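# Chains, contacts and geometry: an overview
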Amino acid sequence: MALFARTPVAPLEYSRTLWMRLWVGAVMVFLYAPLVVLMIFSFNDSKRNVVWRGFTTKYYEKALGNDQLVEALINSLTIAAFATLASLVLGTLAAVMLWRFRFPWKGAIDGTISLPIIVPEICLGVAFLMFFAAVGWPTDLVWPFNLGAITIAHITFCFPFVTMVVRSRLASFNREQEEAAKDLGASEAQVFRDVLVPHIKPALVAGALLAFTLSLDDFVITYFTSGPDTITFPVKVYSMVRFSVTPEVNAASTLLIILTVILTFIALKAQGVKAIAETH
Amino acid sequence: MDFNELIKQTRGRRSLLQAMGVAAIGISFGGLAACSKGEGKKLANGEEAKLNFYNWDTYIGETTLDDFKEASGVNVKMDLFDSNDVLFAKFKAGNPGYDVIVPSNDFVERMAQAGMLQTLDHAAIPNMKNIDPTFIDVDYDQGRKFSMPYTWLALGIGYRKSKVKAKPDSWKALFDSPEYAGRIAWLSEAGDMFRLYGKYLGKSVNALTPADIATIEAMMIKQKPNVKNFHVDDGQDLLLKGDVDLVLEYNGDIAQAMTEDDDIDFVVPKEGSQLNSDNLCIPKGAPHPKNAHAFINYILDGEVDKKITETILYPTPNAAAKALMPDSYKNNPVIYPPADVLAKCEYAKFNPTLQPLFEEAFTRVRAA
Amino acid sequence: MAEQDWKTSKRTFAAVSLPTLFWLIAFFLIPMFIVWQYSLGEKVGETGFDFSGTLDNYKRATEWLYLTIFGKSFAVAALVTLICLIVGFPVAMAITFASEKWRPWLLLGIMLPFWTNLLIRTYALMMLLGTQGFANKGLGALWEGTSWLKTLVGLQPLPTWEPVQLLFNNFAVVFGLVYVHLPFMVLPLYAALDRLDRSLIEASLDLGAGHFRTIMRIVVPLAAPGIIAGVMITLIPALGAYLTPDLMGGTDSQMIANVIERQFKKANDWPFGAALSFLLIYAMFILIAIQSMRKKVPEVR
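Conventions we followed
- Residues numbered from 1 in each chain as written.
- Chains lettered and ligands numbered in written order.
- Predicted model: local features only at pLDDT ≥ 70, side-chain atom pairs only at ≥ 80, totals over all residues.
- pLDDT = per-residue confidence, 0-100.
- Contact = placed C-beta atoms within 7 Å.
- Axes fitted to C-alpha atoms, helices over the stretch in contact; angles between N-to-C directions.
- Helix = DSSP H or I, 4+ residues; strand = E, 2+ residues; numbered from the N terminus.
- Parallel < 35°, antiparallel > 145°, perpendicular 65-115°, else oblique.
- Left-handed = near helix turned anticlockwise from the far one by under 90°.
- Buried ≥ 20, exposed ≤ 12 C-beta atoms within 10 Å, placed from the backbone.
- Pairing = 2+ DSSP bridges.
- Right-handed = clockwise from strand over helix to strand, strands pointing away.
- Nonpolar A, V, L, I, M, F, W, Y, C, P; charged D, E, K, R; others polar.
- Domains from an automatic or database assignment.

### Some remarks on the confidence of the model for chain B
Here chain B shows a mean pLDDT of 85. Residues at 70 or above account for 89%. Ignoring residues within four places in sequence, the model shows residues 1-39 of chain B, a span with pLDDT below 50, making 54 contacts including any to other chains.

Here it is, written out as structure tokens:
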């Protein structure tokens, strides 16, 4: 059954069965094929990435020399980092509230928390545009405070995703653990930190990944909440792609993908060693 | 819950935080650099040395902004928008701090009507004399009270020469014939589509009535099965990739595509077409109006605009700049379509009562 | 385990509820209230607006034309969610049961493509699917190969290869949306599957049930909260998708978000755009509220 197995496959090692491997492999091909095409065409000596016209690295030079692109990327990463952290906190609190307590208007509040996910982007974008104009939000602050309006908007549409994921995980929490901890004298905060948070950790990771991705990708809401000094990566990319500067964008994306892979590789390697040391 | 599992689960999370930490270091360096530039200095005209320019991407010379900084000391910060609609929507809540914007002709009219634009001080823009006189008294801004022309464009048919039998010099090929079924792309812009259909029916783009809209809607629904795609102004890419063979596009976009592929050509149909023009304007509430005037004046300089035109390859309304351009540009029939065809082309006026009708009819066409 | 009444632990309740409620009210409900006013008014001139309490916008939004677009969008989103579930469930299983060495890599493998900008990904996908794209070239080569093999054994060759239409139709929209939304399904599924009590699966297998039956009868019910979360997180954004139908769709692929977007931008008809948005919001709100009020499936533990 298992092609590469050196030891017999245990019943629960689903990831070692052949069909499972084929399935995951096919999904990975599906996910990565477009990216591979993109990477190949970033070396294409043509302004439009349609036909292969020879190898060049000039678009990498251009992308790296494009100050606005680099600045936009830095802005986007900053926003995504802050929005992810805040969404994790808010989203987890909301999930705990909904899971643990019975209170009046619960159905309505539950529905409201999920609302930012369903409001069409453009509608939320316009809402924030009018809102920030109405409260007179200053647009000439120094970096990074000029990103405040965008970050606030991002938190609003990111944290419900965290809530959903965390809540589905909380459903499996065994309350007796909490009771036991309390019987042993732990305070509410200690229980939260030492019992509840460890249990929901996978959901926190998943939620953080979702929030980070959503924030990094958002164009419409960002557009409507940005001021004159706050260009972000999607906004820059949109206008570049719309005007056929794609190879440069491809080059920048390729660099980003490689950078992400290297960073995560290093992080995982470093922690891998530590984790092994801890378990033994 | 066992302990080993916990250890395992902490990993993904930590790595993410670490990655973020690295990102944050990069950010703080970039941020400090961004803060320190162009602060504090005041110019002779009493304004700080800053200008917020809101432009389309790739719509300026490669060194124009740096050259301007050298000439005047003003640091230009260029921000990007990708359609007139979002520009307008964003200014609805008030000017978020821009000094110079580049709307198209109908939006100049619309924004002027909505009171979003400042009247230009012509005394501060002496280079206005460089503008081709035919571009001064235009319908959308008589006497250039609010805007200075930056580029102009004509809609027409871009096509692949080897895939058509004859030059498709009538809108019929796109609008009313199954000849090129499945190889046609239209613009996704409702107003442009209806107005061009009007042209095909021999009407002025500004003389359509609700009855005409109903007629055109029926014609569109009839032609729709032959159309492959409504493109979002990336028709030249569709043409280059070979996804379609005939595409409704602007001449400037096709001129750029032609530099990459000899098999592509462009024609403005004999029924005439619609012209567009992008304009430099100063929105109300601009924080640096004097710098803005100086900047517009700088761009209208012959040499400066020549450099811009060399990069963006669009037709320029600047006579002084055009005179400086090489013949290969001046005599390019795609960039400058023949005069007899141009005579039949018109600028679309902004029409607040028809626009929603166009939109709704086009939604019906898409849903049909 | 029953939920705790908020009165029994007021301080904890305040600690978890106040930040959420504050954020929701200040940075969501108030901005949305401004737009909600628009849905009950009419526009005056180009920028003006008059709050007249009229229901005309809603009347127009419930016309047959828009209802069919709503219906179609929902059908597309539901199909996308279903495909994501079918494709994503085994992947989430694989991640859950992977060795601890592989698990973080698989998770990242799923997420990594999504740190590339959505528009860039969409364009890359379009490059792949176009008439001259690699997918078509691959299929073409396969076709020619078969044709050649047939002549080799003395059969009639196949007719010449005609590129398949993979782009600019509804297939492309569904394909593109599945591509974009897959991690939204995999992550919640993983978060839910990860805490499964494995002894239950082992018991099922020991008692003679097959793998498939075990999955359907044990794993799926146990992972129900995660599946529901995944479905919601996929279905709802898919319903609001506008970029994919815009770029990859054909002449009849508009979804409701495209229509809404055009009201706010091209048509400059904010009241109508707001009414369409709120119609969508009301429907979803009711759906979610009902789901949360219904008594939860009893905990299996």
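### Some points on the packing of helix α3 (residues 64-97) of chain C against helix α10 (residues 224-239) of chain C
How two helices pack is summed up by the angle between their axes together with the distance between the axes. Residue and element names in this part refer to chain C. At a closest axis distance of 9 Å, the pairing of α3 and α10 adopts a crossing angle of 140°. For the element pair α3 / α10, the angle class is oblique. For the pair α3 and α10, the sense of crossing is right-handed. Listed contacts from α10 to S73, F74, A77, A78, V80, T81, C84 and L85 of α3 are G230, V231, T234, L235, A238 and L239.

### Overview of helix α4 (residues 103-111) of chain C
Across the nine residues that make up α4(C), a large majority, seven, are buried. Among the residues of α4(C), those classed as buried are R103(C), P104(C), L106(C), L107(C), L108(C), I110(C) and M111(C).

### Quick word on the pairing of strand β1 (residues 50-55) of chain B
Residue and element names in this part refer to chain B. Among the six residues in β1, six count as buried, and that is most of the element. The alternating pattern of β1 places K50, N52 and Y54 and L51, F53 and N55 on opposite faces, both of which are buried. Pairing analysis gives six bridges linking β1 to strand β2 (residues 75-80), with the strands arranged parallel. Residue pairing in the sheet places N55 in a bridge with L80 of β2. Crossover handedness for the path β1 to helix α2 (residues 64-72) to β2: right-handed. Bridge count between β1 and strand β3 (residues 100-101): two bridges; the pairing is parallel. Paired with Y54 across the bridge in β3 is I101.

### Overview of the interface of chain C and chain B
Listed by partner, the interface residues are 27 residues for chain C and 31 residues for chain B. Elements supplying a minimum of two residues to the side of chain C that touches chain B: α3, α4, α11 (243-248) and α12 (256-264) of chain C. When its residues are assigned to classes, the side of chain C that touches chain B shows 10 nonpolar, nine polar and eight charged.

### Here's the deal with the domain arrangement of chain C
Along its sequence, chain C is carved into domain 1 (53-130 + 166-292) and domain 2 (131-165). Taken together, the six residues of domain 1 of chain C in the interface contact eight residues of domain 2 of chain C.

### Description of the domain arrangement of chain B
Residues and elements named next belong to chain B. Domains assigned within chain B are domain 1 (50-152 + 277-330) and domain 2 (153-275 + 336-367). A separation of 27 Å is found between the C-alpha centroids of domain 1 and domain 2. Counting from both sides, the interface comprises 14 residues of domain 1 and, opposite them, 10 residues of domain 2. Per-element tally for the side of domain 1 that touches domain 2: the top contributor is helix α4 (residues 105-113), with four residues. Broken down by class, the residue content of the side of domain 1 that touches domain 2 amounts to six nonpolar, three polar and five charged.

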